[in-house]
Amino acid sequence: MKRNPTLVMVAVAAMYVIQIVTKVGVGRYIRSPMIEGDGWHMVSDLFAALIVIGMIRLSKVKPSESFPFGLKMVESLGEFAVGLSMFWLAFSVGREALTGLFGHDHSSVRIGRPYLSLALGATAGNAAFSWAVGRWQTSVGKSSGHVSMIADGQETISDARIGVATALGVVGEYLFHAPWLEYPFALGVAILIVKTGGEIFLRGLGSLMKRSLGAEFNAKIREAAVSVRGVVGVEDLRTFRSGGDAVCNIKIASRAPNCAHIDLKNEITNRVHERLKGDFPKTWLFVRFVLPETPRRRVAVAIREEGGRLSVAASHLVATRFLICDVEDGEIVRRKDAPAAPDILKLLREKRVTALYAHDRSALEPPKLLLGSDIEIRNLASADLSALGLP
Amino acid sequence: MSERTVYVRFRESRSGQSELRYAASLCRRLDADLMVIAPEPCSSMRVLGLADVWSPDPLRRELIRFASGTTPHLPTGSLLVGDFGDWPKNELLRHHRLYPRDQEEFCPPKTPPKLLVPFGKGGSGERAGALAVSLSRAMSDPAPSGAGHGSEIVFYHTTWRNPALPPALPRLHMHPGSAATQARLDELARDINHRSRIETASDVVSGIVGSALAENADLIVMARGVGTCLGSYMDRVLARTTVPVIVALEVSP
């Protein structure tokens with residue numbers, strides 16, 4: 001019972017039945033439309049609780065080919081509906097309060113000593129009851145990951161606030177003979193309900209619209225991923241909620257070989273679960289791997305051939321040929337020979353070269369540009385081609 | 001290790017500069033010299049001028065030396081970092097080889113390094129354990145530069161599951177020979193912060209690689225097993241892991 005969401009919701013429904021009977025009965029007896037109206041409003045809460053029970057059952061449907069995430073999203077629909085119902089509740093309470101404040105004949109309300117305990121029992125007593133049950137409901141909802149239950153729990157806590165406002169009105173009326181006192185309090189409560197209802201409504205709507213988990217959670221996921229050795233970065237991250245579950249689609253930049261991806265994926269999954277488990281009981285993680293995106297460029301190496309031996313020339317001016325190399329991720333992945341031409345600049349431009357490598361032992365200065373062009377001249381540390389990874 | 005010198009080859013490529021950066025980071029922890037093996041002719045000043053290699057935490061220049069030639073004669077038991085694949089195999093087997101697996105830093109600053117040493121019932125685990133202990137002592141020594149931060153060794157063993165025994169207690173599944181190795185490793189590392197991690201993983205390589213990631217290990221220390229004809233664990237771990245691996249030398253110094 002303590003942690004079974006369905007049983008908790010059955011207890012909540014039973015509480016609503018008790019509250020409907022007591023509030024409507026007492027409200028009629030002491031002729032308080034606020035108390036009686038509050039009682040009738042609880043009929044809709046009772047139906048909401050029954051719908052939440054149905055949603056909890058539906059959300060437990062196992063994922064299938066047709067519904068790969070199961071039916072968890074139905075809970076977000078529940079949040080959305082509870083949010084809407086809270087707007088309606090706030091509107092009813094507000095309307096009732098304004099009508100009472102400006103038009104109702106309060107003289108018929110009976111708050112004498114014999115009725116005080118009855119009125120307080122129906123208002124403050126039920127408020128305390130609603131508050132305790134609402135807290136229990138949200139706590140079980142959080143631990144079991146049922147967001148519709150959390151939303152309904154917050155709605156129950158709002159009921160407690162209405163009860164407190166009504167009770168304050170009852171006390172005010174008893175002490176100061178001011179029967180209108182409960183209405184300003186009720187108006188304040190209506191504003192609070194709009195605020196809570198708005199949060200629940202937006203959360204449900206966000207989930208239905210596949211809104212991101214938010215910057216805070218996304219940062220946690222990124223941090224978890226890049227903490228794994230072998231992960232260079234996170235290229236793309238898309239997250240959303242499916243009911244109480246988190247769904248993350250993550251693109252990892254890594255230079256690790258394909259056979260290492262399964263180990264990286266397992267470790268990333270473990271770390272993301274670890275960081276999110278306090279807020280989401282279950283996380284669906286979809287990981288893809290890509291090579292880090294690095295600029296590709298074409299460079300030329302000035303080559304000097306002397307006695308059949310190749311080495312990097314001291315300058316392009318003394319080069320006998322050029323190696324035109326494609327560089328990806330800092331490594332030469334393709335090379336082609338080009339004989340030195342009379343117009344070197346024309347040759348390098350034709351080949352779309354962006355940098356020219358030479359080896360001048362005496363030079364230490366930073367890269368300079370080839371005269372009349374935007375081609376950089378870079379000084380290599382060695383004249384030996386093996387330093388470039390070339391045979 | 002025979003001496004406190006780390007050897008790395010100079011290459012202009014991104015991976016070559018990553019190895020240089022990793023070797024420099026390891027030298028900082030070991031308070032060791034860095035010997036850069038560069039082809040002749042090479043401008044050492046130009047290598048030192050590679051700002052992106054040495055920043056943001058430069059190694060003291062007096063610790064960096066240069067050697068020329070493709071296969072200079074190194075003392076047996078030297079520590080080689082990076083790709084020396086074109087060196088003669090006999091020469092390579094005389095040294096400890098460290099493969100940085102594309103990492104650029106030995107371990108994050110101000111955190112004690114963690115070494116994972118897989119072992120079984122064979123002698124390779126003990127050889128790897130001896131190297132790990134030697135490295136760990138070198139890192140724990142109060143070096144003049146204050147580089148020592150202590151370290152931790154995790155001895156790792158995974159074993160085939162015995163279906164007759166409860167799966168929750170992996171130690172019960174251990175072969176007596178492996179248990180004896182563990183006892184010897186515990187004795188070897190008695191003065192060093194160490195512990196054991198025993199599992200019944202689905203396969204040995206997945207267990208080693210997965211545990212290295214889960215433990216946030218900075219280095220996997222292994223030695224080649226004797227008598228494996230095909231599918232050496234060491235080769236398979238090297239092909240699959242993203243955690244740097246050091247392989248112990250294969251002839252006694």
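Thresholds applied
- Residues numbered from 1 in each chain as written.
- Chains lettered and ligands numbered in written order.
- Predicted model: local features only at pLDDT ≥ 70, side-chain atom pairs only at ≥ 80, totals over all residues.
- Heavy atoms only, no water.
- Salt bridge = Lys/Arg side-chain N within 4 Å of Asp/Glu carboxyl O.
- Buried < 20%, exposed > 50% of the residue type's maximum accessible area, 1.4 Å probe, protein only.
- Helix = DSSP H or I, 4+ residues; strand = E, 2+ residues; numbered from the N terminus.
- Polar contact = N/O pair within 3.5 Å; in protein donor to acceptor, adjacent residues only side chain to side chain.
- Contact = heavy atoms within 4.5 Å.
- Buried area = accessible area lost by both parts, 1.4 Å probe.
- pLDDT = per-residue confidence, 0-100.
- Pairing = 2+ DSSP bridges.
- Axes fitted to C-alpha atoms, helices over the stretch in contact; angles between N-to-C directions.
- Parallel < 35°, antiparallel > 145°, perpendicular 65-115°, else oblique.
- Left-handed = near helix turned anticlockwise from the far one by under 90°.
- Nonpolar A, V, L, I, M, F, W, Y, C, P; charged D, E, K, R; others polar.
- Phe/Tyr/Trp six-rings, centres within 6.5 Å; stacked < 30°, edge-to-face > 60°.
- Lys NZ or Arg CZ within 6 Å of the ring centre and 35° of its normal.
- Core = buried A, V, L, I, M, F, W, Y, C linked by side-chain atoms within 4.5 Å.
- Disulfide = S-S within 2.5 Å.
- Expected span 1.5 Å × (residues − 1).

Asks: So what's going on with the pattern of salt bridges? Residues and values would help.
Replies: Residue and element names in this part refer to chain A. Across all of its chains, the model carries 37 salt bridges over all chains by this definition. The salt bridge involving R334 is made with D326; its shortest N-O contact spans 3.9 Å. Given a relative accessible area of 41%, R334 falls into the partly exposed group. Take D326: its relative accessible area is 18%, and that puts it in the buried class.

Asks: Give a description of the environment of T76 of chain B that names residues and reports values.
Replies: Residue and element names in this part refer to chain B. Structurally, T76 can be placed in the loop between β3 (64–68) and β4 (79–81). Taking the C-alpha atoms as reference points, T76 and R94, 18 residues apart in sequence, are found 5.4 Å from one another. Side-chain polar atoms of T76 contact the side chain of R94, separated by 2.3 Å.

Asks: Go over the interface of chain A and chain B with me, naming the residues and quoting the values.
Replies: On the chain B side, the residues contacting the 30 residues of chain A number 32 residues. Where chain A abuts chain B, roughly 2500 Å² becomes buried across the two surfaces, and 50% of that area is made up of carbon and sulfur atoms. Across the chain A-chain B interface, the total number found is five salt bridges. Of the charged contacts, one joins R14 of chain B and E331 of chain A as a salt bridge, the two residues approaching to 3.9 Å between their closest N and O atoms.

Asks: Now, about the confidence of the model for chain A: what can you tell me, with residues and values included?
Replies: For chain A, per-residue confidence averages 85 on the pLDDT scale, and 94% of positions sit at 70 or higher. Element-level pLDDT for chain A is lowest in strand β9 (residues 368–369) of chain A, with a mean of 70, against a maximum mean of 96 in helix α7 (residues 215–226) of chain A.

Asks: With reference to specific residues and values, describe the pairing of strand β9 (residues 219–222) of chain B.
Replies: Residues and elements named next belong to chain B. Where burial is concerned, the two faces of β9 agree: the one with L219 and V221 and the one with I220 and M222 are both buried. The pairing of strand β6 (residues 114–118) with β9 spans two bridges and is classified as parallel. When the sheet's bridge partners are listed, L115 is paired in β9 with L219. Two strands pair when backbone bridges link them, and β9 and strand β10 (residues 245–247) are joined in this way by three bridges, in the parallel orientation. From the neighbouring strand, V221 faces β10, where its bridge partner is I246.

Asks: Pulling in residues and values, what's your account of the sheet that holds strand β3 (residues 283–290) of chain A?
Replies: All names here are of chain A. Read across the open sheet, the three strands follow the order β1-β2-β3; overall the sheet is mixed. For this open sheet the edge positions go to β1 (233–242) and β3, each flanked by a neighbour on one side alone. On average, each strand axis in the sheet is inclined to that of its neighbour by 10 degrees, with strand direction left out of account. Where β1 meets strand β2 (residues 245–253), nine bridges bridge the pair, whose relative direction is antiparallel. Residue R238 lies in a different strand from β2, and its bridge partner there is N249. Where α7 meets the sheet, it contacts β1 and β2, and its direction lies at approximately 135 degrees from that of β1.

Asks: Any chance you could break down the packing of helix α3 (residues 73–102) of chain A against helix α5 (residues 147–176) of chain A for me, citing the residues and the numbers?
Replies: All names here are of chain A. Where α3 contacts α5, the two axes come as close as 8 Å, and the packing angle between them is 15 degrees. Comparing the axis directions of α3 and α5 gives the class roughly parallel. The two elements α3 and α5 meet at a crossing, and its hand is left-handed. Contacts between α3 and α5 pair E75, S76, G78, E79, V82, M86, L89 and V93 from the former with V147, S148, M149, A151, D152, Q154, E155, S158, D159 and I162 from the latter. A class-by-class count of the residues in the contact of α3 with α5 yields eight nonpolar, five polar and five charged.

Asks: Help me get a handle on the packing of aromatic side chains, residues and values and all.
Replies: All names here are of chain A. Using the criterion set out here, one finds nine aromatic pairs over all chains in the structure. Aromatic pair F69 and W284: ring centres 5.2 Å apart, planes at 85 degrees, arrangement edge-to-face. Of this pair, F69 sits in the loop between α2 (33–59) and α3 while W284 is found in strand β3, placing the two residues 215 residues apart along the sequence. Between F217 and F280, the aromatic rings sit 5.1 Å apart at their centres with planes inclined by 70 degrees, giving edge-to-face as the arrangement. With F217 in helix α7 and F280 in the loop between α8 (261–276) and β3, the pair connects residues that are 63 residues apart, well separated along the chain. What makes F280 buried here is its relative accessible area of 7%. Of the aromatic side chains, those joined through ring pairs into one cluster are F69, F240, W284 and F286. The ring of W284 carries K282 above its face, with NZ or CZ at 4.2 Å from the centroid.

Asks: Any chance you could break down the side chain of T200 of chain B for me, citing the residues and the numbers?
Replies: Residues and elements named next belong to chain B. By the secondary structure assignment, T200 is in the loop between β8 (194–199) and α7 (204–214). Classification of T200 as buried rests on a relative accessible area of 13%. Engagement of the side chain of T200 in a polar contact is seen with the side chain of R161, the distance being 3.1 Å.

Asks: Could you give an account of the nonpolar core, with specific residues and numbers?
Replies: The tendency in soluble globular proteins is for nonpolar side chains to be buried as a group. Within the largest apolar cluster, 44 residues are counted, with the highest numbers of intra-cluster contacts made by V6, L30, L34, L115, L219 and V221 of chain B. Broken down by secondary-structure element, the contributors of at least two residues to this core are β1 (5–9), α1 (14–30), β2 (33–38), β4, β6, α5 (124–140), β7 (152–158) and β9 of chain B. Setting aside anything within four residues of it in sequence, one finds V221 of chain B in contact with L115, L116, V117, P118, A128, L131, A132 and I246 of chain B. Ranked by size, the runner-up nonpolar core spans 41 residues in total, among them V228 and L237 of chain A together with V154 and V204 of chain B.

Asks: Got a sec to walk through unusual backbone geometry? Specific residues and values, please.
Replies: Residues and elements named next belong to chain B. Of note in the backbone geometry, D31 takes a positive phi value of approximately 50 degrees without being a glycine. Of note, D31 is situated in the loop between α1 and β2. By relative accessible area, which is 17% here, D31 ends up buried.

Asks: Give me the lowdown on the state of the cysteines, citing residues and values where you can.
Replies: Covalent bonding between the sulfur atoms of two cysteines defines a disulfide. In total, this model carries zero disulfides over all chains according to the counting rule given. C107 of chain B carries a free sulfur, and the closest cysteine sulfur to it, the one in C27 of chain B, is 13 Å from it.

Asks: How would you explain α8 of chain A if you had to name every residue and give the values?
Replies: One turn of an α-helix holds 3.6 residues; hence residues three or four places apart share an orientation. The terminal C-alpha atoms of α8 of chain A lie 22 Å apart, and with 16 residues this matches the ideal 22 Å at 1.5 Å per residue to within 8%. By the burial criterion, the buried members of α8 of chain A are H261, D263, L264, E267, I268, T269, R271, V272 and L276 of chain A. Considering only its buried residues, α8 of chain A is in contact with α7, β2 and β3 of chain A together with α7 and α8 (233–240) of chain B.

Asks: Break down the packing of α5 of chain A against helix α6 (residues 182–208) of chain A for me, citing the residues and quoting the values.
Replies: Residues and elements named next belong to chain A. Where α5 meets α6, the closest approach of the two axes is 8 Å, and the angle between their N-to-C directions is 175 degrees. When the interaxial angle is binned, α5 and α6 end up roughly antiparallel. Side by side, α5 and α6 meet where I150, A151, Q154, S158, R161, I162, A165, T166, L168, G169 and E173 of the first sit next to E182, F185, A186, V189, L192, I193, T196, I200 and R203 of the second. Tallied by class, the residues present in the contact of α5 with α6 amount to 11 nonpolar, five polar and four charged.

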